[in-house]
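Topology and contacts: notes
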Amino acid sequence: MSDNHHSKPLVLVDGSSYLYRAFHALPPLTTSRGTPTGAVYGVANMLRRLLADFDSDRMAVVFDAPGRTFRDDIYPEYKATRKKMPDELSMQIAPLHEVVRAMGFPLLMEQGVEADDVIGTLARRALEAGIPVVISTGDKDMAQLVDGGITLVNTMTETVMDREMVMQKFGVPPERIIDFLALVGDTSDNIPGVPKVGPKTAAKWLNEYGDLDAVIAHADDIKGKIGDNLRASLEQLPMARELATIRCDVELPIELEQLHLAEPDRAALTELFTRLEFKGWLAEQLAETPDQPVTSRAAANYETICDEAALERWIKRIAEAELFAFDTETTSLDANEAVICGVSFALESGEAAYVPCGHICPGDPDQLDREVVLERLRPLLEDPAILKVGQNLKYDMSVLAGHGITLRGIAHDVMLESYVLDSTATRHDMDSLALKYLGHKTITFEEVAGKGAKQITFDQVPVEQAAEYAAEDADITLQLHHHLWPRLSAEPGLRKLYESIEVPLVPVLSRMERRGVLVDVERLRRQSGELAARMQELEQQAYAEAGQPFNLGSPKQIQALLFEKQGLPVLAKTPKGQPSTAENVLQELALDYPLPRLILEHRGMSKLKSTYTDRLPEQVNRKTGRVHTSYHQAVAATGRLSSSDPNLQNIPVRTAEGRRIRQAFIAPEGYKLLAADYSQIELRIMAHLSGDEGLLRAFENGDDIHRATAAEVFGTPVDAVTGEQRRSAKAINFGLIYGMSAFGLARQLGIDRAAAQLYVDRYFERYPGVRAYMERTREMAREQGYVETVFGRRLHIPDIKASNGQRRQAAERTAINAPMQGTAADIIKRAMIAVDAWLEAGEADARMIMQVHDELVFEVAGDAVEVVGARIREHMESAAELSVRLEVDIGVGDNWDEAH
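Residues numbered from 1 in each chain as written. Predicted model: local features only at pLDDT ≥ 70, side-chain atom pairs only at ≥ 80, totals over all residues. Heavy atoms only, no water.

1. Let's talk about the overall build of the protein
Within the protein, the regular secondary structure consists of 38 helices and 22 strands. The C-alpha extent of the protein, read off along each of the three principal axes, is 110 × 80 × 60 Å. A buried classification covers 51% of the 900 residues belonging to the protein. Sequence separation of at least 24 residues holds for 68% of the intrachain contacts in the protein that already meet a minimum separation of 6. A distance of 5 Å separates the average location of the 99 positive side-chain charges in the protein from that of its 136 negative side-chain charges. (Helix = DSSP H or I, 4+ residues; strand = E, 2+ residues; numbered from the N terminus. Buried < 20%, exposed > 50% of the residue type's maximum accessible area, 1.4 Å probe, protein only. Contact = heavy atoms within 4.5 Å. Lys, Arg positive; Asp, Glu negative; His and termini not counted. Charge placed at Lys NZ, Arg CZ, Asp CG, Glu CD.)

What follows is the structure, encoded as structure tokens:
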């Protein structure tokens, strides 16, 4: 063996010490299914660091074996004070062992002894063979092993301990550490020490007398209470020393020569990182793995179609196929602006084609003409009997509509398959889905088009590169469908939701987005000016209140002013321990102090100005003169739609300024805006789900539900309920469906907690069905990890079993509210599909143009308002059969605020 090899250290890793450290020290990490993975990640990350830090192929990871050890025989109370290992940790041991082995580390566990003893034995053997040893541990007991050739390294804190460092840290040399531990004791292992003897006293005695035996011999010389304690402990000291001694003579079934790193098992690591959802490592793994299955780029059979004969061949195959994957490549993410520069399709896994028809890169091969390609594909794309699968097909449908083609036969969308299966498991974009479900790292848009300011549009990407990227999109879409559809089909409730709500909604949303809404740009500009003036006034008032000018947009300056200069109470801290200036903190302070109120008002104005009054005029489409929002079907965990550019869901309706923004959404000449809004839909769903007789009766009688609740809670006749009581009852009604606690209610109503608790208790006395529903729902979420809406949508609650109380309580609140919010989302989606079908039949001069929360907004010809309003109400109220009637309020006006 060469000297060079001898100088490479043997690295021994104390897996058990790190497992506990990682579990307690790192933030809890779970997969989307709620399986804890933080300790696995922490230890595996540390092992990766060790591999990077040490140029050695001699390594081993040692864990404690389950069961008793010789120390339990010496002292039955050994480790008896240790709590049972939490389930969140014990369930991580098996996957961690799998990861360690797959990384190529020898893994050792020896019955009857501890990991320390195995490490001690191997370290001594290596030292005798002239091999330096590095022990990677966080355990101070290991300091007794330090020797000229043995050092400790704590990979978590990045500290190294040699003989000098042991002296510095403990005040005694390594050979006295056992004596030191016997005197001090170890609470975590339940090793008894001498009462009141700490590290300083133990080190002083050992340095004065030499070793433990000498300390025992001089016990009578030590004065005071501490001397009495020592003399009372004399009998147990030899046993404490034995317990603290790491055995270095364990019989091991492995020789030093066998402690070598093996080649990592890449297939196993890919599977493990996929299962554990370690996405960054998985991407690395896939990038390093040359021989992936059919999902690898090299193995895939991708064709670039540049002549009519090849196109005809594919068209013939598509026409005969049961289903084909389809994707467009365009010049813009905005479907209203996008121009097609290529299309791709796939019929079999690993086989796909790209038809470039608008690339403008010099040196590209001849391409077919865009119009020719689209005309040849038109019969296939417009035929409802030829079924298509895509990823976010709403976008492709809108782009094709811009080129005069109506996409029909949308059978599947993998984004929606993934979303319906589990809305919180992953993001639902193509790259995330490929990584999660196929373990495949796709070519990203940035890889072919560049990043940031240097990014080019897709038509400038050379055809050869574009073809591989685009064909892969179609191929992976098809593979994802083959993977997800069997899982979805196996769940009848989820399949029905997907087939009857999510997929039919795609064309409805595409049409709404393309129609857009008219905005009054002049009015918005005026409002921007007024907001700017009001912000300036607020600034001056804030400066006067603060006694100095400051930047109202700077959390740091606000923090200094409020908490240092003005001495306001600190209600919450940032993760770094600074007083928080977050919105909810300022809101609470604003109840009692003027400066936070002014800062909040200024923030609100600033947000409205930048997000809406300044931004909306820029978002008007040049061709249509209207604003076109994008609706997102696969973002909100509850099934609600969200929107962006502009975000219609966030325009505040409670403030005068917010309502004025709605006034800028106007009807075109000859039309009115009609807003149809479900009345108290979530409370009605609560009545249906809980079956509470009191709630059902109140809705049945058409009572004002908040007034009825006030009468019950405050024990007064309905007609004697005051406005204040109704307001409190409304806060209780809505607070409870969001899982609000008495503490939250007290804050909202500005009353003390005891009074709020009384209200809540009375509410539950009057509506016992609601309390029973909440208990039932919490229990169901704990048992199965998800709750369901009336229509079978599953809402996964990963944190429902979290050991962290705050996260668990937040999960319980979500569990209670999600079935209501999710059912409301399902109902309005069903209503949209029904209303859209009626409007598409062309019976009325009306268009559906917006959806916001529980409200639909239409443009309706002035003379048709009554008839159209009645039909819309009919469709919306019959969108679900609940045990209470759905009610829809309808408003009409020249702008959205008037209609609302």
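2. Some points on the pattern of salt bridges
Overall, the coordinates contain 56 salt bridges when judged by the stated rule. Between lysine 394 and glutamate 513 there is a salt bridge whose closest N-O contact spans 2.6 Å. Separated by 119 residues along the polypeptide, lysine 394 in helix α17 (residues 393–402) and glutamate 513 in helix α22 (residues 492–515) bring together distant segments of the chain. For glutamate 513, a relative accessible area of 8% gives the class buried. Notably, a salt bridge pairs glutamate 859 with arginine 626, separated by 2.7 Å at the nearest N-O pair. Taken together, the residues span a long stretch of sequence, with glutamate 859 in strand β21 (residues 855–861) and arginine 626 in the loop between α27 (615–618) and β14 (630–632) at a distance of 233 residues. Shared partners join several salt bridges into a network, and the residues in it are Arg684, Arg873, Glu877, Arg885 and Glu887. (Salt bridge = Lys/Arg side-chain N within 4 Å of Asp/Glu carboxyl O.)

3. Focus on helix α13 (residues 266–276)
For α13, the full list of buried residues reads Leu269, Thr270, Leu272, Phe273, Thr274 and Leu276. Downstream of α13 by a residue or two, glutamate 277 has a phi angle that is positive, lying close to 60°.

4. Concerning the sheet that holds strand β22 (residues 888–893)
Pairing is antiparallel in the open sheet, where four strands are placed in the order β20-β21-β17-β22. Two strands close off the open sheet at either side, each with one partner strand: β20 (846–852) and β22. The average undirected angle you get between the axes of adjacent strands in this sheet is 20°. (Pairing = 2+ DSSP bridges. Axes fitted to C-alpha atoms, helices over the stretch in contact; angles between N-to-C directions.)

5. Some points on the sheet that holds strand β12 (residues 410–413)
Ordered in space as β7-β10-β9-β8-β11-β12, the six strands form an open sheet in which the pairing is mixed. Strands at the two margins of the open sheet, each flanked by one partner only, are β7 (301–304) and β12. The average undirected angle you get between the axes of adjacent strands in this sheet is 25°. As defined by bridge partners, β7 adjoins strand β10 (residues 351–356) across four bridges and the pair is classed as parallel. Bridge pairing in β10 links glutamate 303 to alanine 353. Of the strands in this sheet, β7, β8 (323–330), β9 (340–348) and β10 are in contact with helix α15 (residues 308–320), which crosses β9 at around 50°. Against the sheet, helix α18 (residues 414–421) touches β11 (387–390) and β12, its axis set at about 55° to β12.

6. A closer look at helix α30 (residues 693–700)
Within the span of α30, buried status applies to Gly694, Leu695, Ala698 and Phe699. In a view along the axis of α30, the buried residues occupy a sector of 130°, so they form one face of it. The exposed residues of α30 that point more than 90 degrees off its buried face are Glu693 and Glu700. Buried residues belonging to α30 abut α29 (681–690), α31 (705–714), α34 (753–766) and α35 (768–784). The opening residue of α30 is aspartate 692, an N-cap whose side-chain oxygen sits 3.0 Å from the backbone nitrogen of glycine 694. Positive phi shows up at glycine 702, right after α30, with a value of about 70°. (Arc of directions from axis to C-beta. Polar contact = N/O pair within 3.5 Å; in protein donor to acceptor, adjacent residues only side chain to side chain.)

7. Section: the packing of aromatic side chains
Under the counting rule described, the total for this entry stands at 17 aromatic pairs. Every member of this aromatic cluster is reached through a ring pair, and the members are Tyr41, Phe273, Phe278 and Trp281. The positively charged end of arginine 317 is found above the aromatic ring belonging to tryptophan 314, 4.9 Å away from the centroid. For arginine 847, the ring lying beneath its charged end belongs to tyrosine 671, and the centroid distance is 4.7 Å. (Phe/Tyr/Trp six-rings, centres within 6.5 Å; stacked < 30°, edge-to-face > 60°. Lys NZ or Arg CZ within 6 Å of the ring centre and 35° of its normal.)

8. A short note on the packing of helix α5 (residues 87–102) against α13
For any two helices packed against each other, the geometry is given by the interaxial angle and the distance between the axes. For the pair α5 and α13, the least separation of the axes is 9 Å and the interaxial angle reads 150°. The two elements α5 and α13 meet at a crossing, and its hand is left-handed. When α5 is examined against α13, the residues Pro95, Glu98, Val99 and Ala102 are found in contact with a partner set consisting of Ala268, Leu269, Leu272, Phe273, Arg275 and Leu276. (Left-handed = near helix turned anticlockwise from the far one by under 90°.)

9. Brief notes about the pairing of β20
A large share of β20 lies buried, amounting to six of its seven residues. Relative to β21, β20 runs antiparallel, the two being bridged by six bridges. In the sheet register, methionine 848 faces β21, and the bridge partner there is phenylalanine 858. Connecting β20 to the antiparallel partner β21 that follows it, the hairpin turn spans two residues, and histidine 853 within it adopts a positive phi of roughly 55°.

10. Some thoughts on the environment of serine 643
Mapped onto the elements of the fold, serine 643 is located in strand β15 (residues 642–644). As for serine 643 and glutamate 308, which are separated by 335 residues in sequence, their C-alpha atoms are 41 Å apart. When near neighbours in sequence (up to four residues on either side) are disregarded, serine 643 contacts Thr629, Ser630, Tyr631, His632, Leu648 and Gln649. A polar atom in the side chain of serine 643 sits 2.9 Å from the backbone nitrogen of leucine 648.

11. With respect to the packing of α18 against α22
Interhelical geometry of α18 versus α22 gives an angle of 140° and a closest axis separation of 10 Å. When the axis of α18 is compared with that of α22, the two are oblique. At the point where α18 passes α22, the crossing takes the right-handed sense. Facing Leu416, Glu417, Tyr419, Val420 and Leu421 of α18, the residues of α22 in contact are Leu494, Leu497, Tyr498, Glu502, Val503 and Val506. Classifying every residue of the contact of α18 with α22 by side-chain character gives nine nonpolar, no polar and two charged. (Parallel < 35°, antiparallel > 145°, perpendicular 65-115°, else oblique. Nonpolar A, V, L, I, M, F, W, Y, C, P; charged D, E, K, R; others polar.)

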